[in-house]
Amino acid sequence: MKKVQKGFTLIELMIVVAIIGILAAVAIPAYQDYITKAKVSKVATAVASIQTAVADYAQNNAGNFPAAMAMGGDWSTIGLGTTGPAATTEVSSIALLTGGAIEATTTVATPNPCTIRFTPSVQTNVVKWVVATTGTTTPCTSAAVIAQIAKWN
């Protein structure tokens, strides 16, 4: 009489483990890029209200920004109170620079955080934003971060 096979052979199990390993090797880096993109895109959300306030100020003042705006010295100038916006889980600090530029420091690349600068360009009552990262570490210069920032320009 023949014995009926019960279970899987070692070769079959090894093939399944190899396939899972290959899939994991491809999926984990893609997932890391996805996490980085999601965190960086939250910077745009954190900065959106400030962009609106700066654009409104620029349109009401012929594109001129007072020196008091530099380094977040006077958030009340653009109607955002005296202390400016609070930090979030993705943005550790936001500073208002000379010329209405907004600089957000992210928590994406701790301990070497990315700094993303939103610089306004006022042209015939329209404010356009030029966005760039000033970070030099790997997460800041990764393709995921660069691609996300390129969408905002």
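Conventions used here
Residues numbered from 1 in each chain as written. Predicted model: local features only at pLDDT ≥ 70, side-chain atom pairs only at ≥ 80, totals over all residues. Heavy atoms only, no water. Helix = DSSP H or I, 4+ residues; strand = E, 2+ residues; numbered from the N terminus. Buried < 20%, exposed > 50% of the residue type's maximum accessible area, 1.4 Å probe, protein only. Areas by Shrake-Rupley, 256 points an atom, 1.4 Å probe, with all protein chains shown as cover. Arc of directions from axis to C-beta. Pairing = 2+ DSSP bridges. Polar contact = N/O pair within 3.5 Å; in protein donor to acceptor, adjacent residues only side chain to side chain. Contact = heavy atoms within 4.5 Å. Axes fitted to C-alpha atoms, helices over the stretch in contact; angles between N-to-C directions. Left-handed = near helix turned anticlockwise from the far one by under 90°. Nonpolar A, V, L, I, M, F, W, Y, C, P; charged D, E, K, R; others polar. Core = buried A, V, L, I, M, F, W, Y, C linked by side-chain atoms within 4.5 Å.

K.L.:
Which parts of the structure should I look at to understand the overall build of the chain?
P.N.:
Within the chain one finds three helices and four strands. Within the chain, the fraction of its 153 residues that count as buried is 31%. Working note: accessible area of the chain is about 9500 Å², and carbon and sulfur atoms make up 62% of it.

K.L.:
What exactly am I supposed to notice about the environment of valine 43 here?
P.N.:
Structurally, valine 43 is set in helix H1 (residues 10-60). The exposure class assigned to valine 43 is buried, which follows from its relative accessible area of 0%.

K.L.:
Is there a simple way to think about helix H3 (residues 143-152) in this case?
P.N.:
An α-helical segment advances 3.6 residues per turn. Residues three or four places apart therefore align on the same side. Looking only at H3, the buried set comprises Ala144, Val145, Gln148 and Ile149. Down the axis of H3, the buried set is contained in an arc of 125 degrees. They therefore lie on one face. Exposed residues on H3 whose side chains face more than 90 degrees from its buried face are Ala143 and Ala150.

K.L.:
Sorry if this is basic, but what is going on with the pairing of strand S2 (residues 102-106) here?
P.N.:
Every other side chain in a regular strand lies on the same face of the sheet, so the side chains alternate between the two faces. Within S2, five of the five residues are buried, which leaves the element mostly enclosed by the surrounding structure. Burial along S2 is two-sided: the residues Ile102, Ala104 and Thr106 and Glu103 and Thr105 are all buried. Here five bridges tie strand S1 (residues 91-96) to S2, and the two strands are oriented antiparallel to one another. When the bridges of S2 are listed, leucine 96 appears paired with isoleucine 102. Linking two consecutive strands that pair antiparallel, namely S1 and S2, is a turn of five residues; a positive phi of about 85 degrees is found at glycine 99 within it. Direction of pairing for S2 relative to strand S3 (residues 115-123): antiparallel, over a ladder of four bridges.

K.L.:
When you look at the side chain of glutamate 103 in this model, what are you seeing that I'm missing?
P.N.:
Along the polypeptide, glutamate 103 turns up in strand S2. Of the residues examined, glutamate 103 reaches a relative accessible area of 18% and is grouped as buried. A distance of 2.3 Å separates polar atoms of two side chains, one belonging to glutamate 103 and the other to arginine 117. Not counting the four nearest positions on each side in its chain, glutamate 103 is found in contact with Ser93, Ile94, Ala95, Leu97, Thr115, Ile116 and Arg117.

K.L.:
Please explain the sheet that holds S2 as it appears in this structure.
P.N.:
The strands making up a sheet associate through hydrogen bonds between their backbones, and the pairing can be parallel or antiparallel. Pairing is antiparallel in the open sheet, where four strands are placed in the order S1-S2-S3-S4. With one partner strand each, in any of the chains shown, S1 and strand S4 (126-133) form the two edges of the open sheet. For this sheet the average axis-to-axis angle between neighbouring strands, irrespective of direction, equals 20 degrees. Strands in contact with H3 are S3 and S4; relative to S4, the strand with the most contacts, it is inclined by about 170 degrees.

K.L.:
What am I meant to see in the packing of H1 against H3 here?
P.N.:
Packed helix pairs are specified by the crossing angle of their axes together with the interaxial distance, meaning the distance between the axes. H3 packs onto H1 with a crossing angle of 35 degrees between their chain directions and a minimal axis gap of 9 Å. Crossing of H1 over H3 shows right-handed handedness. Note on element contacts: H3 touches H1 through Ala144, Val145, Gln148, Ile149 and Trp152, opposite Asp33, Thr36, Lys37, Val40, Ser41 and Ala44. Considering only residue class, the contact of H1 with H3 consists of six nonpolar, three polar and two charged.

K.L.:
Looking at this structure, I do not really get the nonpolar core. What am I missing?
P.N.:
Considering soluble globular proteins, one finds that nonpolar side chains tend to be buried as a cluster. Ranked by internal contacts, the top residues of the largest apolar core, which has 20 residues, are Val43, Val47, Ile94, Ile102, Ile116 and Phe118. Looking at this core, the elements with two or more residues in it are H1, S1, S2, S3, S4 and H3. Element by element, the count of residues in this core is highest for H1, at eight residues. Ignoring anything within four residues of it in the chain, the contact list for isoleucine 102 reads Val47, Ile50, Gln51, Val54, Ile94, Ala95, Leu96, Ile116, Arg117, Phe118 and Trp129.

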